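# Overview (structure and organization)
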Amino acid sequence: MKAITFHGVSDVRATDVADPKLVEATDVIVRITTSAVCGSDLHQYHGRGGGALVQTGAIMGHEFMGGIEEAGAAVRGVRTGDRVVVPFSVSCGQCTWCRRRLPTQCTTTGRAVFGGRFGHVWGGGQAERIRVPFADHLCEKVPAELSDDDALFLGDILSTGYVCAENGGIRPGDTVAVFGAGPVGLLALQSAQLFGPARVFAVDRVDYRLALAAELGAEPVSLDRGDPAEQLRALTGGHGPDVALECVGHETPFTQAIQAVRPGGTVSSVGVYVETSMGFPAREAFFKGLTLKMGICNARNYMTPLLPLVQRKKLQPARIVTHTLPLKDAPRGYAIFDAKQDRAIKVMLKP
Ligand SMILES: [Zn+2]
Ligand SMILES: [Zn+2]
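Residues numbered from 1 in each chain as written. Chains lettered and ligands numbered in written order. Predicted model: local features only at pLDDT ≥ 70, side-chain atom pairs only at ≥ 80, totals over all residues. Heavy atoms only, no water.

### Points about the overall build of the chain
Convention followed: Strands are runs of DSSP state E lasting at least two residues, helices are runs of H or I lasting at least four, and both sets are numbered from the N terminus onward. Only C-alpha atoms enter the radius of gyration, while the globule expectation follows 2.2 Å times N to the 0.38, with N the number of residues. For every residue, the accessible area (1.4 Å probe, protein chains only) is compared with the maximum for its type, and the residue is labelled buried under 20%, exposed over 50%, or partly exposed between those bounds.
Looking only at helices and strands, the chain has 12 helices and 15 strands in total. Over its C-alpha atoms the chain spans a radius of gyration of 20 Å, differing by no more than 12% from the 20 Å that the globule rule assigns to 351 residues. Along the three orthogonal principal directions, the C-alpha set of the chain runs to about 60 × 40 × 40 Å. Buried positions account for 54% of the 351 residues belonging to the chain.

If you want it as structure tokens, here you go:
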């Protein structure tokens, strides 16, 4: 089959690889209908994040969905022909951490990610087919009326954006600032609106991303116009927003979020940090009495409850899709997403 494989920094290629096969009786093989390039794929693409590179030849991608082509003998909850979406992290559903609803900490799989290099390596979803283990636990059935573009992000960036908003503890009438108007930030923005804020601001440098944030109901704050903390205070009667949602994963926006938010406010962070450790204004956070929350999203927990919100269009994740390319053109998809060319926000891949 065709798959997008890693060959070095800024070098992914469409190559021919062996078809995946059922290994355990609890596996399924999914024939992929749509996958996508995620911001965290770019960390691998650039060889960032510490430790070794992704193995040469490894299949990239952790956002994918499709139809079940083959099911192991012990699979009960789904069957051949079912349309499913799967979370980015590989988890068993049975171990200590899975039972505590922390599937990203799964000890059975070693905190693995599809297409990732952390822990045990599982093939990625930028391919024609993929082996999905623990199928009864990982597969979420997708109703026929939901498009791939609306369903796909349940497995990663929509759940992540939602968790960011939920962790912000937004109350009706609050002001919310979203740092980063990329795919996760735009979905955090949509999610924040479910909690009834009076105003939502979107902070970014890229004009066309701020323009989409504005279409989605946010007031744009451009980093090109100076310190975002100062701009946000000026826009909120000198107080600063009640809640800041950090969706970049870098020391600078995390620091800016702490500086911007009002005394007693909350900073919620879901960006995947490149840094293994970083400085932040701890003293300011302490004396302002801030609540800081961060972490990888346990997406499996959110797919089932968020699906009806997408069905009823309370969340419209497909609005961030800007490009749909054939799978074989994924190298160009990575390049334009990485360079923010051609007004790229979210690049979808179709085998
Ligand atoms: Zn991702
Ligand atoms: Zn587990």
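From this point, the narrative continues.
### What to know about the sheet that holds strand β9 (residues 199–204)
Whether parallel or antiparallel, the strands of a sheet pair through hydrogen bonds between backbone atoms. Here is the rule: In this description, strands pair whenever DSSP reports at least two bridges between them. In this analysis, axes come from line fits to C-alpha atoms, helices being fitted only over the stretch in contact, and the angle between any two N-to-C directions falls in the range 0 to 180 degrees.
The 6 strands are arranged β10-β9-β8-β11-β12-β13 in an open sheet whose pairing can be described as parallel. Edge positions in the sheet fall to β10 (219–222) and β13 (291–294), since each has one partner strand and no second. The average angle at which neighbouring strand axes cross in this sheet is 20°, direction not considered. Here strand β8 (residues 175–179) runs beside β9; their pairing, made up of 5 bridges, is parallel. When the sheet's bridge partners are listed, T175 is paired in β9 with R199.

### Quick word on the coordination of the zinc ion (ligand 2)
Threshold: A 2.8 Å cut-off from the metal defines N, O and S donors, relaxed to 3.2 Å for Na, K and Ca; water is not in the atom list, so some sites may appear incomplete. Between 85 and 135 degrees for all angles marks four donors as tetrahedral; over 155 degrees for opposite donors together with 65 to 115 for all other angles marks four donors as square planar and six as octahedral; every other arrangement is irregular.
Summarising the metal site, the zinc ion (ligand 2) is bound by the protein donors C92 (SG), C95 (SG), C98 (SG) and C106 (SG), whose distances to it range over 2.4 Å. Here the zinc ion (ligand 2) binds 4 donor atoms, and the angle range of 104 to 114° at the metal identifies the geometry as tetrahedral. The sequence pattern formed by the donor residues of the zinc ion (ligand 2) is C-x2-C-x2-C-x7-C. Here the two residues C95 and C98 agree in accessibility, since each one is buried.

### Looking at unusual backbone geometry
Unusually for a residue other than glycine, K340 sits at a positive phi of about 50°. Its place among the elements puts K340 in the loop between α12 (330–339) and β15 (346–350).

### A short note on the environment of V274
Tracing the sequence through the fold places V274 in the loop between β12 (266–269) and α10 (282–287). Between the alpha carbons of V274 and R76 there is a distance of 39 Å; along the sequence they are 198 residues apart.

### Here we look at the nonpolar core
For clarity, the threshold we go by: Think of a nonpolar core as a cluster: buried Ala, Val, Leu, Ile, Met, Phe, Trp, Tyr and Cys residues, connected wherever their side-chain atoms sit within 4.5 Å. Domain boundaries shown here were taken from an automatic or database domain assignment. Here, residues are in contact when the closest pair of their heavy atoms is within 4.5 Å.
In this structure, F153, L186, L189 and L245 are the most contacted members of the largest nonpolar core, which totals 55 residues. Among the elements of the structure, α5 (157–167), β8, α6 (183–193), β9, α7 (207–215), β11 (243–246) and α11 (300–311) are those that each provide at least two residues to this core. Three or more residues apiece are contributed to this core by two domains, here domain 1 (2–156 + 298–350) and domain 2 (158–294). Setting aside residues no more than four positions away along its own chain, L189 makes contact with V178, V200, A202, A213, L216 and A218.

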